[in-house]
Amino acid sequence: MSLREKIDFLKLPQHIAIIMDGNGRWAQNKFLPRIIGHTNGVKTVKNIVELANSINIKVLTLYAFSTENWKRPKDEIFGLMTLLKSYLKSELESMIKNNIAFRVLGDTSRLPEEIQEEIANVSEKTKDNTSLILNIALNYGSRQEILKAVKNIIDKKIDNPTEQDISDNLYTKSLPDPDLLIRTSGEMRVSNFLLWQIAYSEIYVTDVLWPDFSEEEFYKAIVEYQKRIRKFGGI
Ligand code: FPP
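Residues numbered from 1 in each chain as written. Predicted model: local features only at pLDDT ≥ 70, side-chain atom pairs only at ≥ 80, totals over all residues. Heavy atoms only, no water.

Draft legend 1. Layout of the environment of Asn-56. One can find Asn-56 in the loop between helix H3 (34–54) and strand S2 (59–66). In this structure the C-alpha to C-alpha distance between Asn-56 and Phe-218, which are 162 residues apart in sequence, comes to 14 Å. (Helix = DSSP H or I, 4+ residues; strand = E, 2+ residues; numbered from the N terminus.)

Below, the structure written as structure tokens:
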């Protein structure tokens, strides 16, 4: 039986979040520059977005650039931004064709202006699409996101705020929390990603490096998720 056949398509996770790690190691293992790892990482992004949409996942959230990633060498940051720009340009048509709504989670104001413009363009042109919501986390940090939510709540003079008030002031407002969090490349960390939203998510870590994360690996994660019994603190 193939892995795909093991999936119960009536019980799919609605929202999958992914920490895409291991591009650098993938390149290093092949004695290639790190940026080639990221270039191949983008190919995986395209495959996984298409696959998630085709099996009817409703929300996919990918961690592409954290608030801490500015500490990387300038040329690597420049390379990542260049890849991002060409991704946005090359994928707009296919997002429209495949009914995908593109959104960014994070503080975009620190990103290069031309990228901000491209993000605004792609977000606007796809905003009414209904098949898959694709969130890319860019200059994203979860603690900063929660702090921003708290400040919004104070500004709005909401007294006695509830958990819902916090959720409503995060970048992910009105989206379901992730059911499944995948991390590639073996590290057992959540790295300041969606801390509030993953309170009850199932976590799946694989040693596979992101550029090698294939269709089969994606199915494996879903099969593993479906084996777990989610109790949300109950018995
Ligand atoms: C982790 O690998 C990956 C990143 C920090 C960036 C992820 C970015 C992409 C997949 C490409 C750009 C994204 C889009 C959406 C166009 P690492 O460099 O931390 O790997 P390492 O831990 O092995 O060094």
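Draft legend 2. Spatial organisation of the pattern of salt bridges. On inspection of all chains with the given rule, the structure shows 15 salt bridges. Glu-76 is paired through a salt bridge with Arg-72; the nearest N and O atoms lie 2.8 Å apart. Judged by its relative accessible area of 8%, Glu-76 falls in the buried class. The network of salt bridges with shared partners includes Asp-21, Arg-25, Arg-183, Glu-187 and Arg-189. (Salt bridge = Lys/Arg side-chain N within 4 Å of Asp/Glu carboxyl O. Buried < 20%, exposed > 50% of the residue type's maximum accessible area, 1.4 Å probe, protein only.)

Draft legend 3. Spotlight on the site of the ligand. Lining the immediate surroundings of the ligand are 16 residues, of which Asp-21, Gly-24, Arg-25, Arg-34 and Arg-72 lie closest. Asn-23 is positioned such that a nitrogen or oxygen atom in its backbone is 3.3 Å from an oxygen atom of the ligand. Arg-72 places a polar side-chain atom, nitrogen or oxygen, 2.8 Å from an oxygen atom of the ligand. Sorting the residues of the shell around the ligand by element identifies helix H2 (23–29) and H3 as the ones contributing at least two each. (Near = heavy atom within 4 Å. Polar contact = N/O pair within 3.5 Å; in protein donor to acceptor, adjacent residues only side chain to side chain.)

Draft legend 4. How the structure looks around the packing of aromatic side chains. Applying the stated criterion across every chain, the model contains seven aromatic pairs. Linked through ring pairs, Tyr-63, Tyr-140, Tyr-171 and Phe-193 together constitute an aromatic cluster. Of note, Arg-110 hangs over the ring of Trp-70, and the distance from its end group to the ring centre comes to 4.4 Å. (Phe/Tyr/Trp six-rings, centres within 6.5 Å; stacked < 30°, edge-to-face > 60°. Lys NZ or Arg CZ within 6 Å of the ring centre and 35° of its normal.)

Draft legend 5. Here's a closer look at the nonpolar core. Judged by nonpolar contacts, the single largest core of 49 residues is most densely connected at Ile-18, Leu-60, Leu-134 and Phe-218. With nine residues, the top contributor of residues to this core is helix H4 (residues 74–97). Look past the residues within four positions of Ile-18 in its chain and what remains in contact with it is Ile-48, Leu-60, Thr-61, Leu-62, Tyr-63, Ile-182, Phe-193, Trp-210 and Phe-218. By size, the runner-up hydrophobic cluster in this structure holds 10 residues, among which are Ala-17, Ile-19, Leu-181 and Leu-194. (Core = buried A, V, L, I, M, F, W, Y, C linked by side-chain atoms within 4.5 Å. Contact = heavy atoms within 4.5 Å.)

Draft legend 6. Structural view of a positive patch on the surface. Side chains of Arg-103, Lys-148, Lys-156 and Lys-173 sit close together on the surface and give a patch of like positive charge. Among the structural elements, Lys-148 can be located in helix H6 (residues 142–155). (Patch = residues over 30% accessible without salt bridge, like charges linked within 9 Å, V, L, I, M, F, W, Y side chains within 5 Å. Areas by Shrake-Rupley, 256 points an atom, 1.4 Å probe, with all protein chains shown as cover. Lys, Arg positive; Asp, Glu negative; His and termini not counted. Charge placed at Lys NZ, Arg CZ, Asp CG, Glu CD.)

Draft legend 7. The side chain of Glu-91, seen in detail. Note on placement: Glu-91 falls in helix H4. For Glu-91, a relative accessible area of 14% puts it in the buried group. Side chain to side chain, Glu-91 and Ser-90 meet in a polar contact 3.0 Å long.

Draft legend 8. Examining H4 more closely. Taking 1.5 Å per residue as the helical rise, H4 with its 24 residues ought to reach 34 Å, and the 35 Å between its terminal C-alpha atoms agrees with that figure. Considering bend angle alone, the principal kink of H4 is centred on Glu-91 and spans about 45 degrees. Within H4, burial applies to Glu-76, Ile-77, Gly-79, Leu-80, Met-81, Leu-83, Leu-84, Tyr-87, Leu-88, Glu-91, Leu-92 and Met-95. Contacts from the buried residues of H4 go to H3, S2, strand S3 (100–105), helix H5 (113–126) and strand S4 (132–140). (Expected span 1.5 Å × (residues − 1). Bend = angle between axes of the 7 residues up to and from the residue.)

Draft legend 9. View of H5. Over its 14 residues, H5 extends 20 Å from the first C-alpha to the last, a length consistent with the 20 Å expected when each residue adds 1.5 Å. For H5, every residue scored as buried is listed here: Ile-115, Glu-118, Ile-119, Val-122, Ser-123 and Thr-126. When H5 is viewed along its axis, its buried side chains cluster within an angular range of 125 degrees and face the same direction. Exposed and facing more than 90 degrees away from the buried side of H5 are Glu-113 and Glu-117. In this structure, the buried side of H5 is in contact with H4, S3 and S4. (Arc of directions from axis to C-beta.)

Draft legend 10. Looking closely at the pairing of S2. Taking burial as the measure, the eight residues of S2 include seven buried ones, the bulk of the element. As defined by bridge partners, strand S1 (residues 15–19) adjoins S2 across five bridges and the pair is classed as parallel. Note that in S2 the partner of Ala-17 across the bridge is Thr-61. Where S2 meets S4, seven bridges bridge the pair, whose relative direction is parallel. Within S4, the residue paired with Ser-66 across the bridge is Tyr-140. (Pairing = 2+ DSSP bridges.)

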